[in-house]
Each structure stands twice: as structure tokens, then as C-alpha cells.
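Each chain is listed here by its residues.
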Amino acid sequence: MFIDSHCHYDRKQFNKNRFEILADIKLCGVGKIITPAIELESNVTMYEKLDISGLSREKLPEIYYTAGIHPTRVWRNGSIPEKEWENVLRNAVENDCVVALGETGLDYHHQMDENMFEKQHFWFHKQLEIAQEFKLPLVLHIRQADIDAIEVLKQYPLKESGVVHCFNGDITVAEKYIEMGLFFGIGGSVTLDESDSLRETVKHIPLERILLETDAPYVCPKWCNDRWNTSLNIPKIADYIAKLKNISAEEVEYITTENAENLFGI
Ligand SMILES: [Zn+2]
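Quantities reported herein were computed from a predicted structural model and do not represent experimental measurements.

1. Focus on the nonpolar core
Then, number 1: Judged by nonpolar contacts, the single largest core of 69 residues is most densely connected at Tyr9, Phe167 and Tyr177.
Then, number 2: The element best represented in this core is helix H8 (residues 234-245), accounting for six residues.
Then, number 3: Aside from chain neighbours lying at most four places away, what touches Phe167 is Val173, Ala174, Tyr177, Phe184, Gly185, Ile186, Leu198, Thr201 and Ile205.
Then, number 4: Listed in part, the 13 residues of the second largest apolar core include Ile3, Phe183, Leu211 and Ala260.

2. A closer look at the pairing of strand S6 (residues 162-165)
In the case of a regular strand, side chains alternate between the two sheet surfaces.
Then, number 1: Every second residue of S6 is oriented toward a common face, with Gly162 and Val164 on one face and Val163 and His165 on the other, all of them buried.
Then, number 2: Note that strand S5 (residues 138-143) and S6 share four bridges and pair parallel. Paired with Val139 across the bridge in S6 is Val163.
Then, number 3: Each parallel crossover has a hand, and the one from S5 via helix H5 (residues 146-154) to S6 is right-handed.
Then, number 4: Here S6 pairs with strand S7 (residues 183-186) via two bridges, running parallel. Among the inter-strand pairings, Val163 is bridged to a residue of S7, identified as Phe183.

3. Focus on helix H2 (residues 42-49)
Then, number 1: Taken as a whole, H2 has its buried residues at Ser42, Asn43, Met46 and Tyr47. In a view along the axis of H2, the buried residues occupy a sector of 135 degrees, so they form one face of it.

4. Observations regarding the coordination of the zinc ion
Then, number 1: Protein-derived coordination of the zinc ion comes from His6 (NE2), His8 (NE2), Glu103 (OE) and Asp215 (OD), at a distance range of 2.1 to 2.4 Å.
Then, number 2: For the zinc ion, the four donor atoms are set out with angles of 82 to 175 degrees between them, so the coordination reads as irregular.
Then, number 3: In primary-sequence terms, the residues that donate to the zinc ion follow H-x1-H-x94-E-x111-D. On the criterion of sequence distance, the pair formed by His6 in the loop between strand S1 (2-4) and helix H1 (18-27) and Glu103 in strand S4 (residues 98-107) is long-range, its members being 97 residues apart.

5. Some remarks on the pairing of strand S2 (residues 30-35)
Then, number 1: The element S2 is largely enclosed, with a buried count of six among its six residues.
Then, number 2: Pairing geometry for S1 and S2, over three bridges, is parallel. Across the sheet, residue Asp4 finds its bridge partner in S2, namely Ile33.
Then, number 3: Of the crossover connections in this fold, the one passing from S1 over H1 to the parallel S2 is right-handed.
Then, number 4: As defined by bridge partners, S2 adjoins strand S3 (residues 62-67) across four bridges and the pair is classed as parallel. Across the sheet, Ile34 pairs through a bridge with Tyr64, a residue of S3.

6. Focus: the packing of aromatic side chains
Then, number 1: Under the counting rule described, the total for this entry stands at nine aromatic pairs.
Then, number 2: With centroids separated by 5.1 Å and ring planes inclined at 25 degrees, the aromatic side chains of Trp85 and Trp123 adopt a geometry described as stacked. With Trp85 in helix H3 (residues 82-93) and Trp123 in helix H4 (residues 114-134), this pair connects stretches of sequence that are 38 residues apart. Trp123 carries the same exposure label as Trp85, and that label is buried.

Cut-offs used in this document
- Residues numbered from 1 in each chain as written.
- Predicted model: local features only at pLDDT ≥ 70, side-chain atom pairs only at ≥ 80, totals over all residues.
- Heavy atoms only, no water.
- Core = buried A, V, L, I, M, F, W, Y, C linked by side-chain atoms within 4.5 Å.
- Buried < 20%, exposed > 50% of the residue type's maximum accessible area, 1.4 Å probe, protein only.
- Helix = DSSP H or I, 4+ residues; strand = E, 2+ residues; numbered from the N terminus.
- Contact = heavy atoms within 4.5 Å.
- Pairing = 2+ DSSP bridges.
- Right-handed = clockwise from strand over helix to strand, strands pointing away.
- Arc of directions from axis to C-beta.
- Donors = N, O, S within 2.8 Å, 3.2 Å for Na, K, Ca; no water.
- Tetrahedral: all angles 85-135°; square planar, octahedral: opposite > 155°, others 65-115°.
- Phe/Tyr/Trp six-rings, centres within 6.5 Å; stacked < 30°, edge-to-face > 60°.

Honestly, it's all geometry; don't read function into it.
Rendered as C-alpha cells:
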């Protein structure tokens, strides 16, 4: 059995066929999925979108969630006071099917003014505090901001570990995250033509630190002809990593599933 440790089936791209896709991914061996929150409101709405009451559960993967606010969404909902945002997060982490805090982190890819920069840092710190308080592992979104993110993370010694989702750094950066006890979410980006450096890094990272992910509907692998990415690509990504590391696909499946189960307690 595979685990897709990071996918977003609550997104509008799946409005027409969300449960059909979920049934298909179960058939192709993906038995558990993690759905990270993105916007503040997705901490409430994703449960309604993925409401499986009335459906046959054994035909669907087990669905788990995270509570959090993505670094590129922290300047939305500006009219809602920060205390209220925090309350939404605190309510969300109480939910039984919430297994981690995130997506949180830093994203310097897009042009930002100073106010946006400050807001990203404020919510990163705030979410690390909540993760520590509730002893939750982290789902980290870090883009072109590894040095700053590592500095912030060092201020919050982790009670539980976490995963650097959609990891795209080099070996030096990977070593730093390994030292901190973190895992790496590896998905479609490792298959892209321009990802030579990432492929070298993935060869270097121990399999015991790797989780499989798609980030569906985003981050399509190289071979993907569909408009949107889905977890149907997970077995192929496992195969790709196996070839890179010169090990069997079964080993990748077994160890990455064990990694995700241990990290998220699922
Ligand atoms: Zn994501």
C-alpha cells in the first residue's frame, strides 16, 4: 500500500469527479492520503468537500487532514483579526482526523512587499508555537527560503518531526534538514527535465527520510498528459525513485509508507 502524503482533493479542480478519483486511487494501491489545509477557510470547508458519509468506505482511501495556513495565503482575509485566525487553527487541531500542522513555512518565490514578508514570518512562528503546544508534526512549505526557514525552525525545537513538502533543495540544504530530523516529500518535480540537482539529492537522501507525495492537483510529473495531477501517479513516482536509487519499487513502497505512518501516527 502507498500513502500520498500531500494532496488536495478538496480543491475546485476535483469538483466534478472527486469521489471517482478517490475510488480509482484506492484501486491503484493508494490506501491513505493526507489533505493539508491551504487557506484559512479550507480549515473548515475541506471536511465538507471530502465528506464521505453515505459512501462505501472500503472503496476509498483513508483520509487525514492537517490544520494550517499556507505562507502564500497569509495576506488574504485581511479584515479578519489575527486572534480569530488563531482560533480557527486552534479549533481545527482539535479535530480527530487532523494529524499535522501545516502547510506552514516561507515562500519567497513571488514578489513580496515588507508587509507580506512580515506576515509570512508572523504566521510561521505562530504555527510552530501551536505545533509545539499540541505536539503535532509539521507539513512545511519552503520555497526559495531554506536559510531563513532553518533559522526560524531552530528556535522551536521539534517535539515531533515534520516533512519538507515538495522538497527541491540541494545536498547541502538536505543535510541540514536531515540533521534536524525532518523528512522530505518527493513527487512529480523529481521527474522533470530541469531537476538534475534534485535527482542527485534524492539519490543522497536515505529512503528512511522520504515520503511520497503528489501535491495533486498541482506539480504534474513529466509523463502526465492530464490537466491535473492525481495520486494515480504515486506508484510511478515510487518506481522512478527506485530506479534512481537502484533499489526495488517494493522497497520504496514499503519504507515510504512506514515513514508516513510513523510521522503522522496513522
Ligand atoms: Zn500542497
